[in-house]
Amino acid sequence: MPKGFFNVPVAQNEPVKTYAPNSPEREEVLKTYKEMYNQEVDIPLYIGGEEIRTGNTKNLFPPFDHQHHLGVYHTADETLVKKAIDAALEARKKWSQMSWEHRASIFLKAAELLAGPYRAKINAATMIAQAKTVHQAEIDSACEFIDFLRFNVQYMTEIYKQQPISSKGIWNRVEQRPLEGFVYAITPFNFTAISGNLPSCVAMMGNVVVWKPAATQIYSAKVIVEVFKKAGLPDGVINVVYGNSGMITDTVLASEDFAGIHFTGSTSVFNSFWSTIGQNISKYKTYPRIVGETGGKDFVWAHPSSDAKEVATALSRGAFEYQGQKCSAASRAYIPKSLWEEVKKYVTDDLNSFKMGSPEDMSNFISSVISESSFDKLAKAIDDAKASNEAEIVVGGGYDKSKGWFIEPTVIVTTNPKYDTMQRELFGPVLTVYVYEDNQWEESLKLVDSTSEYALTGAIFSGCRYAIETATKALENAAGNFYINDKPTGAVVGQQPFGGARGSGTNDKAGSMINLLRWVSPRTIKETFVPDTDYRYPFLGE
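Predicted, not measured: the structure shown is a model, and the values here were computed from it. (Residues numbered from 1 in each chain as written. Predicted model: local features only at pLDDT ≥ 70, side-chain atom pairs only at ≥ 80, totals over all residues. Heavy atoms only, no water.)

1. Considering the packing of aromatic side chains
- Evaluated as defined, the whole model comprises 20 aromatic pairs.
- Residues Phe 107 and Phe 228 carry aromatic rings whose centres are separated by 6.0 Å and whose planes lie at 85° to one another, so their mutual orientation is edge-to-face. Remark: Phe 228 occurs in helix α7 (residues 218-231) and Phe 107 occurs in helix α3 (residues 100-115); sequence separation between them is 121 residues. The pair formed by Phe 107 and Phe 228 is uniform in burial state, with each residue classed as buried.
- Their ring planes at 40° and their centres at 6.1 Å tell us that Phe 151 and Tyr 155 sit as a pair that is tilted. Separated by four residues within a single helix, Phe 151 and Tyr 155 lie in helix α5 (residues 134-161), roughly one turn from each other. Across the pair, exposure class does not vary: Phe 151 and Tyr 155 are buried alike.
- These aromatic residues form a ring-pair network of at least three members: Phe 263, Phe 270, Phe 273 and Trp 274.
- Over the face of the ring belonging to Phe 191 we find Lys 132, whose NZ or CZ atom lies 4.1 Å from the ring centre.
- Above the face of the Tyr 322 ring, Lys 132 is positioned so that its terminal group lies 4.6 Å from the ring centre. (Phe/Tyr/Trp six-rings, centres within 6.5 Å; stacked < 30°, edge-to-face > 60°. Helix = DSSP H or I, 4+ residues; strand = E, 2+ residues; numbered from the N terminus. Buried < 20%, exposed > 50% of the residue type's maximum accessible area, 1.4 Å probe, protein only. Lys NZ or Arg CZ within 6 Å of the ring centre and 35° of its normal.)

2. Observations concerning the pattern of salt bridges
- Going through the model one piece at a time under the given rule, you end up with 30 salt bridges.
- Residue Lys 355 is joined to Asp 361 by a salt bridge in which the shortest nitrogen-to-oxygen separation is 3.9 Å.
- For Asp 449, the salt bridge identified is with Arg 502, shortest N-O distance 3.1 Å. You can see Asp 449 sitting in helix α14 (residues 441-451) and its partner Arg 502 sitting in strand β22 (residues 501-502), a full 53 residues away along the chain.
- Owing to a relative accessible area of 23%, Asp 449 belongs among the partly exposed residues under this scheme.
- Using a relative accessible area of 39% as the deciding quantity, one classes Arg 502 as partly exposed.
- One salt-bridge network, in which partners are shared between bridges, spans Glu 14, Glu 112, Arg 119, Glu 138 and Arg 150. (Salt bridge = Lys/Arg side-chain N within 4 Å of Asp/Glu carboxyl O.)

3. Section: the UniProt feature "domain: Aldehyde dehydrogenase" (unreviewed entry) in the chain
- Cross-referencing UniProt, the feature "domain: Aldehyde dehydrogenase" (unreviewed entry) maps to residues 60-512 in the present numbering.
- Annotated as residues 60-512, this span is 43% helix and 19% strand, and its ends, taken at the C-alpha atoms, are 34 Å apart. (UniProt positions renumbered as here; feature names shortened; annotations may be inferred.)

4. Thoughts on the packing of α3 against α7
- The interhelical angle for the contact between α3 and α7, taken along N-to-C directions, is 125°, at an axis separation of 8 Å. Viewed along their axes, α3 and α7 adopt a mutual orientation that is oblique. In this structure, the crossing between α3 and α7 has a hand that is right-handed. Contacts between α3 and α7 involve Ile 106, Phe 107, Lys 109, Ala 110, Leu 113 and Leu 114 from the former and Val 227, Phe 228, Lys 230 and Ala 231 from the latter. (Axes fitted to C-alpha atoms, helices over the stretch in contact; angles between N-to-C directions. Parallel < 35°, antiparallel > 145°, perpendicular 65-115°, else oblique. Left-handed = near helix turned anticlockwise from the far one by under 90°. Contact = heavy atoms within 4.5 Å.)

5. Observations regarding the nonpolar core
- One finds Phe 107, Trp 211, Tyr 219, Ile 238, Val 252, Phe 258 and Ile 261 to be the most contacted residues of the largest nonpolar core, which totals 109 residues.
- Per-element accounting of this core gives the leading share, twelve residues, to α5.
- Residues contacting Trp 211, with those up to four places away along its chain left out, are Ala 185, Thr 187, Ser 195, Pro 199, Gln 217, Ala 221, Ile 224, Val 225, Ile 238, Asn 239, Val 240 and Val 241. (Core = buried A, V, L, I, M, F, W, Y, C linked by side-chain atoms within 4.5 Å.)

6. Some details on the domain arrangement of the chain
- For the chain, the assigned domains are domain 1 (24-294 + 505-522) and domain 2 (298-484).
- Computed over C-alpha atoms, the centres of domain 1 and domain 2 are 31 Å apart.
- The partner domain 2 presents 29 residues to the 25 residues of domain 1 that form the contact.
- At the boundary of domain 1 with domain 2, total buried surface from both sides reaches about 2300 Å², with 62% on carbon and sulfur atoms.
- Inspection of the domain 1/domain 2 interface yields one salt bridge.
- Here Asp 65 makes a salt bridge to Lys 403, at a shortest N to O gap of 3.3 Å.
- Inspection of the domain 1/domain 2 interface yields 13 residue pairs in polar contact (both at pLDDT 80 or more).
- Listed by contribution, the elements that provide at least two residues to the side of domain 1 that touches domain 2 are α1 (24-37), α4 (119-130) and α5. (Domains from an automatic or database assignment. Buried area = accessible area lost by both parts, 1.4 Å probe. Polar contact = N/O pair within 3.5 Å; in protein donor to acceptor, adjacent residues only side chain to side chain.)

7. Things to note about the sheet that holds strand β18 (residues 430-436)
- The seven strands lie next to each other as β14-β17-β18-β13-β12-β20-β21, forming an open sheet whose pairing is mixed. This sheet does not close on itself; its edge strands, each paired only once, are β14 (391-395) and β21 (481-484). Between one strand axis and the next, the sheet turns through 20° on average, direction left out of account.
- Pairing of strand β12 (residues 298-302) with strand β20 (residues 457-461) involves four bridges; the strand directions are parallel. Note that in β20 the partner of Val 300 across the bridge is Ala 459.
- Strands in contact with helix α11 (residues 337-353) are β13 (330-336), β14, β17 (410-414) and β18; relative to β13, the strand with the most contacts, it is inclined by about 140°.
- The sheet strands contacting helix α15 (residues 465-474) are β12, β20 and β21, and the helix crosses β21 at an angle near 170°. (Pairing = 2+ DSSP bridges.)

8. A word on α5
- An ideal rise of 1.5 Å per residue puts 40 Å on 28 residues; α5 measures up with 39 Å between its terminal C-alpha atoms.
- Of all the bends found along α5, the most pronounced is centred on Cys 143 and spans about 30°.
- Of all 28 residues making up α5, 24 are buried, and the element is well covered by its neighbours. (Expected span 1.5 Å × (residues − 1). Bend = angle between axes of the 7 residues up to and from the residue.)

9. Side note on the pairing of β18
- Burial analysis of β18 places six of its seven residues in the buried class, which makes it a mostly covered element.
- Bridge analysis of β13 against β18 gives five bridges, and the strand direction is parallel. Note that in β18 the partner of Ala 333 across the bridge is Val 433.
- As paired strands, β17 and β18 are joined by five bridges and run parallel to one another. Note on β18: the bridge partner recorded for Val 411 is Leu 431.

Now the structure itself:
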């Protein structure tokens, strides 16, 4: 077989299209959106080479119009989950042995399909099923997903190139083996790119996967499956199951061949996985890799030297783009008293100018939240704030679920820095502000660091470099992605590897070599060219 040292195309971030009026991409995505919106889908399980329709179905609706029927998806029982595991293990026999350049080619082709013929379809699906504006869909389901695929291929080659030194007469080398068994990928609703990346980056390293997408993301997950199939991913490498989360997880984690979990979701759910894996640890052939990005209660902190307009814009975008349903979204802010009235005016003006509705209307800046359960949680938090003597709603506070799950962007000001919505993750368009005395700015940093169990993202604003340095040091452990004079959202693959610590996860940095290293098991090989023939060492001489 011919061999060579191969260089993959140098990864570059996919340019973001504007979707300006009369642009070709705008016309194409709207045409695709209308076609998809008016079709009903019947989404099967994907196990091995089969598309399985069980007849046990659940309905799909766009969250901004829960009376519109998009179709159904089929759910698995325990027998089918076990079948998915078996299909993965069977596929592993050939997939784990495939030359890396051929695995790379599959995912590089997937990136090109997303950049070209599938771009409108993946964006339209994300707009319809996850209520994203076209801009939010473009930066997520097209650009970030493409970036994950391209940069991960490059990181894979860099990992393989890392080799140990060799002494005279010896050749030392390291090979990066896939994990022994299969990996369980569990993905969230809020980023199509994450849903595509979690199973694909694992598979790229030669592993096989059982993938369970969030129920509210299955519609766009179907498009991801189409892209992978079109790119030539062999049957059984990534198997897709839907249904009862507890049953699927218990079945997967009970398998002796379970080798790892790649998760994005809530902290409480991730904690339950750790507990179950610990209880089952004696069953497994290997110690499983546990990788997760979980909750956040992300902050914006402003120093008295900050520019009020810059702070306000960071809050308007960071807290309310995609209805605050980003794990990186700003949901608590600390503003000095001298700036608050000006910041409040700018934020209020911004929020009052927001249009809210269907993503098809591209004049809308925001849409609905993802589900009724999310709506109910947010509505209750707003009602509690209205009734509290420690909180005041300064803008927003309305909600309506008659047509879709619509929550008005809401700003709460509290006199209690440990008020409920300063600490609890809400995952919606609710921002809580604490106003501090200017001369207590250093003390306020202690509040930022100690108020939340999470440590995902955070932003500081200041025109004073001494204050920036002080805050950066004081908040060293408060955020895995830390921003200076910028909003705490919008991490770009290859530029700001993403992940946090504390209650926000294992900080294995999606979109970096760090994450891919979790999905390989190195084997060190030492070859001696002229072996010794006498056991005696020189020190034994007379």
